[in-house]
Structures are given as structure tokens and as C-alpha cells.
Amino acid sequence: MGQTLTEFDTIAAISTPIGEGGISIVRMSGEDAVKIANVVFKGKNLLKVPSHTIHYGHIVDPEDAQIVDEVMVSVMLAPKTFTRENIVEINCHGGIVVTNRILQILLKNGARMAEPGEFTKRAFVNGRIDLTQAESVMDIVRAKTDRARQVAEAQLEGGLLEKVQAMRQDILDTLANVEVNIDYPEYDADKVTGEQMIKVAEAVGDQIDDLLSTAAEGTALRNGLATAIIGQPNVGKSSLLNYLTQSDTAIVTDVAGTTRDTLEEFVAVKGVPLKLIDTAGIRQTDNKVEKIGVERSKKALNKADLVLLLLDASKELSAADTALIEATADKKRIVLLNKIDLGQKISVAEAKKLTNSTVIAASILRKENLDELKEAIKTLFFNGIENSNEQIMVTNQRQVGLLEKAKRQLQDVVQALRAGVPIDLAQIDFNGAWDTLGEITGESSPDELINQLFSQFCLGK
Ligand SMILES: Nc1nc2c(ncn2[C@@H]2O[C@H](COP(=O)(O)OP(=O)(O)OP(=O)(O)O)[C@@H](O)[C@H]2O)c(=O)[nH]1
Ligand SMILES: [Mg+2]
């Protein structure tokens, strides 16, 4: 991340969702942004206005001198902008045709269509933000709960960046020391440096552990806790999904085997983000379609962080129920005894003894005791996770993978030095850890990785 600005062409994109709305924003970034805007804008001379000002006028197609729309145009001059380049934002009337037309006119007059994430990528390449901050921009856009947003904002403020940079600095300082001692070898310099390297490797390793301990909550906040609704056919799984999502996404009928595919919905239950997965009732079946559904249910179960196991309380516990209890035994689990409006043949105490889990007796149909279920989900989530007030968290698999790799490299350093390996050999892994940590912030990331990362962004971001 150098301080010098890389020269780029001028890009343009629609930065608001495509559709009808109050206003839409077409954004341009690059050296010529103001020049191009000025060609198509009728109002003040934009080349002469101060930076960070907004101006009323009209977009006129230079080709036929026709007025396209009445607009407000913001001019923000480099370097104090999101991309560190000149940025022009055209606020036009919301509407697909108008917005597209303005974009087309900009493209005809010298701008190039931006790729997904290209604005944010320029902010990264021009050194305004690091990779963790770029990722957080996307996370803020996608945040489904307020807590997830808070964590993303903290990351955008550079919280994770600072921690990673501090660790890299510690490693670098030690490396510098080693270099000095190699250049001026004295009697016990090697031993002293070796001990120092072990100390730093262990200290940085501990800091990595601290960060990794936030990963479970961090990734759950970002992606939602994968929650599989499991149970026999007709027990009320789809009814529960619909209740929790307050919609009628899933088809509910009294026909056993209604749901034949897994269905995913994102909900926040008392602030806990869940990725709910409604599944086909698990049973032996000869129906081809249902069979596939049952297989998918089993897969969903494997991947689940949390299982909501539904049992029909109005009937005696069956062998099939027992099989499901066993199949879900090693998962975080809440057992819901459903249909108590039809009588209760399985008691909460009995189910508790059998499952060693939180058990709630409820009626989804009558919406009875469902708040207890929500409370139970909340308790499970926030108790299972430490540092729950922590703002600086590891929120995605990319970060987790790199931290784990750096941790292994540091462990190797310690092991090697303890085994008497010469310091200049152990140093290779120490160097490696420094590099790996740099990949988290993007300081030592290969280009293709960076391109791939930004291509996941939305257009206009
Ligand atoms: N009496 C009663 N009926 C319920 C309750 N919850 C769900 N039902 C009914 O049970 C039937 C099956 O509900 P679903 O939600 O489709 O059950 P499912 O588990 O998704 O079923 P499959 O998709 O076939 O596996 C429907 O007729 C629901 O209205 C309840 O608490 N009490
Ligand atoms: Mg169903």
C-alpha cells in the first residue's frame, strides 16, 4: 500500500438498488469524473466549484441537447474521497429508465462501466483502506442485525487492521534484531535472539488465539447461525419456519412429506441472526423426490450449528423420534414438543432426561410458548460465546484461515528453536508468519486474490 496514487481511467456505475425509488445515484470516480460530468450537466460550471459541494441542474445529452432529468450533482475532489480520486455523484429521480439513461450518457462521454466492487477496490489500491476494511464495507451493506453492523463498523474503523499491524510490527522488530546479530556475530547473541524470538512467537500466537476465539460469534453474526429444523413428517417444521420468519414462505399442509427440499431463510430472533433451514421430514420412504429431500435434510443437519428438534407431543415417542434424538445428539440442540393443544403424551421432564437439552412444550398452531423458544435460542447463543461485547472480531473464513496458518508457522518457529535448529532457519517460518498476517490486511496479497475478493461485491460499491 504505497502513498502514491495509481493512475486509473474513470469509472461509472449506478450505486443505488435498481428499481423505482425516491432518488437514484449514479457515481463516477477517476481523474476525468468532473470533466465528464461537466459535459453533460447544465447548471454551474462544475470545473470551477469547490470540492465537496452539491449543485442543482439538469443532465443534458450532448448528442441531441435533450434534457434527461433534473438532478443534484455532488463534486468531491481527490484526495479526500472514498476512492481518493475525483468523485461525482449524480442524484437523479429514482427510476430504472432515467438512471440507466444517465449512466449510458456518462459512458458515451468517456467513463467506463465499473466492475463489481471497483470503487472499493480503488479505495484499497490507493491506500485509503486495507482488506479488512474493504470486507467490512460489504458486511455493513449486508448486515442483518444491529450487532453485526456494529462489528462491521468497528472493522471499518480499522480495529482488526490495528491489531494485525501491531502483531506484524512485533515480528518485524525481532527480525531486524536477528539481522543485526547475524551481521555482527558475538558469543551468545544467537542464544539471546533465539529466546527473544520464542518469546515474541508465543506472545503473537496468544494474540492470534484471542482473535480466533471471536471467530465463532463473528462468523455467526455475519452469516447467521446455521439452524436446522429437524423432525418427522408433519410435526410442524414448516409452520415453525413461517412463524419465525413471519411469512408463509414454506408450504404447510396436513400431508406428511409436504416439504421435499431444504429451504433457507434469514431471521433475527431476539438479536440472534439465524440462517433457518427447513428440511424435509426425515423418514424411510420409497418416493424418489422425497428420498432426495431426506438426504438433503441429513446434509443440512451435518452443517448445522444449532438444531431445533421437533417432536409431536400429542403422540407417544416413536422409534423414529428416538433415532432423530440420537442423530442430533452431538449438536447444540433445543427440543420443541409441539402440538400440545392436542394433548401432551411426552412430558418436558421425560424429554429433558432423554435429550439432555433445553426442552420447550409449545403449540405452533396456537402460538403458545413460542416466546420461550426464542428466549432459549438467545440464551444458547450468548452463553455459548465468550467476549460477547467484543467489537473487534474475526468475521470471515478468509481471516480465520490466515490466522490459523500464521499461528502454525509461529508454533513451528518455537518448536524448531527449542529443538536447537539454527536461528537463520527458524527465521524462515517467522518471516512466513509475518507474510501470512500481511495477507489479512492485503499488504502481501497476490493480485488474483484481491481481484477475486472484490468481484464478490455489488455493482456500484
Ligand atoms: N394441532 C396442531 N397442529 C399443528 C401444530 N403445528 C403445526 N400443525 C399442523 O400440522 C400440519 C403439518 O405442519 P407442517 O408445518 O407442514 O409440518 P412439517 O413438519 O413441515 O411437515 P413435512 O414438510 O411434511 O415434513 C399442518 O396441518 C399444520 O397446521 C400445532 O401446534 N398444533
Ligand atoms: Mg414442511
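Residues numbered from 1 in each chain as written. Chains lettered and ligands numbered in written order. Predicted model: local features only at pLDDT ≥ 70, side-chain atom pairs only at ≥ 80, totals over all residues. Heavy atoms only, no water.

1. Structural notes on the sheet that holds strand β9 (residues 263-269)
Selection rule: Between any two strands, pairing holds if DSSP finds at least two bridges. Runs of H or I in DSSP of at least four residues are treated as helices and runs of E of at least two as strands, each being numbered from the N terminus. Axes here refer to lines fitted to C-alpha atoms; in helices the fit is confined to the stretch in contact. Angles between the N-to-C directions go from 0 to 180 degrees. When checking whether two residues touch, look at their non-hydrogen atoms; a contact exists if any pair is within 4.5 Å.
The six strands are arranged β9-β10-β8-β11-β12-β13 in an open sheet whose pairing can be described as mixed. In this open sheet, the two edge strands, each paired with only one partner strand, are β9 and β13 (358-361). Pairs of neighbouring strands in the sheet enclose a mean axial angle of 25 degrees, with direction left out of account. Helix α11 (residues 319-327) contacts β8 (225-231), β11 (306-312) and β12 (332-338) of the sheet and is inclined by roughly 170 degrees relative to β11. Helix α12 (residues 348-355) rests against β12 and β13 of the sheet, and its axis sits at about 155 degrees to β13.

2. Some words on the coordination of the magnesium ion (ligand 2)
This is how it is decided: Listed donors are limited to N, O and S atoms within 2.8 Å of the metal, widened to 3.2 Å for Na, K and Ca; water is not among them, so incomplete-looking sites are possible. Only protein chains enter the accessibility calculation, which uses a 1.4 Å probe; a residue is then buried when its area is under 20% of its type maximum, exposed when over 50%, and partly exposed in between.
Around the magnesium ion (ligand 2), the protein contributes the donor atoms Ser238 (OG) and Thr259 (OG1), which lie 1.9 to 2.1 Å from the metal centre. Residue Ser238 is found in helix α9 (residues 237-245), and its partner Thr259 is found in the loop between α9 and β9; the two are separated by 21 residues along the sequence. Comparing Ser238 with Thr259 shows no difference in burial state: the two are buried.

3. Regarding the site of ligand 1
Test applied: Summary of the distance rule: residues count as near a molecule or strand when at least one heavy atom falls within 4 Å of that molecule or strand. Here a polar contact means two N or O atoms within 3.5 Å. Within protein one must be a hydrogen donor candidate and the other an acceptor candidate, and residues neighboring in sequence count only if both atoms are side-chain atoms. Note on areas: Shrake-Rupley, 1.4 Å probe, and residue coverage restricted to the protein chains presented here.
What surrounds ligand 1 is a group of 24 residues, the closest being Lys237, Ser239, Gly257, Thr258 and Thr259. At a separation of 2.9 Å, an oxygen atom of ligand 1 approaches a polar side-chain atom of Ser238. Interatomic distance of 3.1 Å between a backbone N/O atom of Leu365 and an oxygen atom of ligand 1. Here ligand 1 has 650 Å² of accessible area as a free molecule, and 91% of this is covered by the chains. Broken down by element, the residue count for the shell around ligand 1 peaks at three residues, all from α9.

4. Section: the packing of aromatic side chains
To keep things clear, this is the line we draw: Note on aromatic pairs: the rings of Phe, Tyr and Trp (six-membered ring only in Trp) are paired at centre separations within 6.5 Å, and the planes decide the class, stacked below 30 degrees, edge-to-face beyond 60, tilted for the rest. Two conditions define a charge located above a ring, namely a distance within 6 Å from the ring centre to NZ of Lys or CZ of Arg, and an angle within 35 degrees of the ring normal.
Overall, the coordinates contain one aromatic pair when judged by the stated rule. With a centroid separation of 5.9 Å and an interplanar angle of 40 degrees, the aromatic rings of Phe124 and Phe454 are classed as tilted. Separated by 330 residues along the polypeptide, Phe124 in helix α3 (residues 118-125) and Phe454 in helix α16 (residues 447-455) bring together distant segments of the chain. By relative accessible area, which is 2% here, Phe454 ends up buried. We note Lys144 situated over the ring of Phe266; from NZ or CZ to the ring centre the distance is 4.6 Å. Directly above the aromatic system of Trp434 lies the positively charged group of Arg168, at a separation of 4.0 Å from the ring centroid.

5. Re helix α2 (residues 96-108)
The test is simple: Each helix should span, by expectation, one fewer than its residue count multiplied by 1.5 Å. Regarding the arc, it is the one traced by the directions from the helix axis to the C-beta atoms.
The first and last C-alpha atoms of α2 sit 18 Å apart over 13 residues, in line with the 18 Å expected at 1.5 Å per residue. Turning to α2, its buried residues number three or more, namely Thr99, Ile102, Leu103, Ile105 and Leu106. For α2, the buried positions fall inside an angular range of 160 degrees around the axis, keeping them on one side. Looking one or two places after α2, you find Gly110, whose phi comes out positive at around 120 degrees.

6. A short note on the packing of α3 against α16
For clarity, the cut-off: Left-handed describes a crossing in which the near helix is turned anticlockwise from the far one by less than a right angle; the clockwise case is right-handed. Here the term charged refers only to Asp, Glu, Lys and Arg, the term nonpolar to Ala, Val, Leu, Ile, Met, Phe, Trp, Tyr, Cys and Pro, and the term polar to all other amino acids, Gly among them.
At a closest axis distance of 9 Å, the pairing of α3 and α16 adopts a crossing angle of 140 degrees. Remark: the crossing between α3 and α16 carries right-handed chirality. Residues Thr120, Lys121 and Phe124 of α3 lie in contact with α16, whose contacting residues are Ile450, Asn451 and Phe454. Looking at the contact of α3 with α16 residue by residue, the class counts come to three nonpolar, two polar and one charged.

7. Thoughts on the packing of helix α4 (residues 131-142) against helix α5 (residues 146-156)
The test is simple: By definition in this entry, angles of less than 35 degrees are roughly parallel, angles greater than 145 are roughly antiparallel, angles of 65 to 115 are roughly perpendicular, and the rest are oblique.
Close contact between α4 and α5 brings their axes to 8 Å; oriented N to C, the two are set at 150 degrees. Our classification of the angle between α4 and α5 gives roughly antiparallel. For the crossing formed where α4 meets α5, the hand is left-handed. Every residue of α5 that contacts α4 at Thr132, Gln133, Glu135, Ser136, Val137, Asp139 and Ile140 is listed here: Ala152, Glu153, Gln155 and Leu156.

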